[in-house]
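Fold and contact review
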Amino acid sequence: MPGGLSGDQPYEAALSDPRSAVATVSAALRDADGPPAEQLTSYQRGLGRAQLQLRPDDTAALEGAHALSRTVRLCLTGGTDVSPACEGSCRWS
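Residues numbered from 1 in each chain as written. Predicted model: local features only at pLDDT ≥ 70, side-chain atom pairs only at ≥ 80, totals over all residues. Heavy atoms only, no water.

**Brief notes about the overall build of the protein**
The line we're drawing: In this description a helix means any DSSP run of H or I spanning at least four residues, a strand means any run of E spanning at least two, and both kinds are numbered starting from the N terminus. Note on contacts: a residue pair is in contact if any heavy atoms of the two residues lie within 4.5 Å.
When helices and strands are tallied, the protein shows three helices and zero strands. Start at the N end of the protein and walk to the C end: the helices and strands fall as α-α-α. Once local pairs closer than 6 in sequence are excluded, the contacts in the protein between residues at least 24 apart make up 51%.

**Some details on the nonpolar core**
Convention followed: In these notes, a set of buried Ala, Val, Leu, Ile, Met, Phe, Trp, Tyr and Cys residues joined through side-chain atoms within 4.5 Å is what counts as a nonpolar core. Burial classes follow relative accessibility: with a 1.4 Å probe on protein chains only, a residue under 20% of its type's maximum area counts as buried, one over 50% as exposed, and anything between as partly exposed.
Core analysis: the biggest nonpolar cluster contains 16 residues, and Val25, Tyr43, Leu47, Leu54, Leu68 and Val72 have the highest contact counts within it. Among the secondary structure elements, those contributing two or more residues to this core are helix H1 (9–29), helix H2 (34–53) and helix H3 (59–76). In terms of residues, this core owes the most to one element, H3, which gives six residues. Discounting residues that sit within four places of it in the chain, Leu68 has contacts with Tyr43, Gly46, Leu47 and Ala50.

**A few points about the packing of H2 against H3**
For any two helices packed against each other, the geometry is given by the interaxial angle and the distance between the axes. What counts here: For every element, the axis is a line fit to its C-alpha atoms; helices are fit only across the contacting stretch, and the angle between N-to-C directions ranges from 0 to 180 degrees. Here is the rule for angles: anything less than 35 degrees is roughly parallel, anything more than 145 is roughly antiparallel, 65 through 115 is roughly perpendicular, and the remaining ranges are oblique. In this scheme, a crossing is called left-handed if the near helix is turned counterclockwise away from the far one by less than a right angle; it is called right-handed if the turn is clockwise. Polar here means any residue other than Ala, Val, Leu, Ile, Met, Phe, Trp, Tyr, Cys and Pro, which are nonpolar, and Asp, Glu, Lys and Arg, which are charged; Gly is therefore polar.
For the pair H2 and H3, the least separation of the axes is 9 Å and the interaxial angle reads 160 degrees. Compared by their axis directions, H2 and H3 come out roughly antiparallel. Crossing of H2 against H3: the hand is left-handed. Where H2 abuts H3, its residues Leu40, Tyr43, Gly46, Leu47, Ala50 and Gln53 lie against Ala61, Ala65, Leu68, Ser69, Thr71, Val72, Cys75 and Leu76. Considering only residue class, the contact of H2 with H3 consists of ten nonpolar, four polar and no charged.

**Description of the side chain of Ser69**
To be explicit about the condition: Polar contact is the term for a pair of N or O atoms within 3.5 Å; when the atoms are in protein, one must be able to donate a hydrogen and the other to accept it, and sequence-neighboring residues count only if both atoms are side-chain atoms.
By the element assignment, Ser69 lies in helix H3. Given a relative accessible area of 0%, Ser69 falls into the buried group. For Ser69, the side chain forms a polar contact with the main-chain oxygen of Ala65, separated by 2.9 Å. The contacts of Ser69, once residues within four sequence positions are left out, are Asp17, Pro18, Ala21 and Leu47.

**Examining H2**
Selection rule: In this analysis, the expected span of each helix is defined as 1.5 Å times one less than the number of residues it contains.
Over its 20 residues, H2 runs 29 Å from end to end, which matches the ideal 28 Å to within 8%, given 1.5 Å per residue. Every buried residue of H2 is accounted for by Pro36, Ala37, Gln39, Leu40, Tyr43, Gly46, Leu47 and Ala50.

**A word on the pattern of salt bridges**
The following threshold applies: Just to be clear on terms, a salt bridge is a Lys or Arg side-chain nitrogen sitting within 4 Å of an Asp or Glu carboxyl oxygen.
Here the structure, examined in full by the defined rule, presents one salt bridge. In this structure, the salt-bridge partner of Arg73 is Asp17, at a minimum N-O distance of 2.7 Å. Remark: Asp17 occurs in helix H1 and Arg73 occurs in helix H3; sequence separation between them is 56 residues.

**So, the confidence of the model for the protein**
Let me state the cut-off plainly: Within a predicted model, pLDDT stands for the predictor's per-residue confidence, ranging from 0 to 100.
Considering every residue of the protein, the mean pLDDT works out to 75; 74% of them sit at 70 or more. Confidence, read as mean pLDDT per element, is least for H1 in the protein (83) and greatest for H2 (88). Predicted confidence is poor over residues 1–7, with pLDDT under 50, and the contacts of this stretch with residues over four places away or in other chains come to six contacts.

Pasting the structure below:
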């Protein structure tokens, strides 16, 4: 529907990005314990909040959701100190 929620591509992409990151975090949580599991759980909560705050006309929330999703993915793929949200090394083993 033109002009409706499903018609706004940036909004749809912003909804999809955190959902995908949550799925990645959930998969990583299966094998995590201790501080890595706590950080992953924190990311899961943050991604959930980002999803709830998304509005089609709120570009800051859209950009924030994408940024958090990128941060989580970088941390999970072995990036280090990619943002303050990583709180130190993101390399978990």
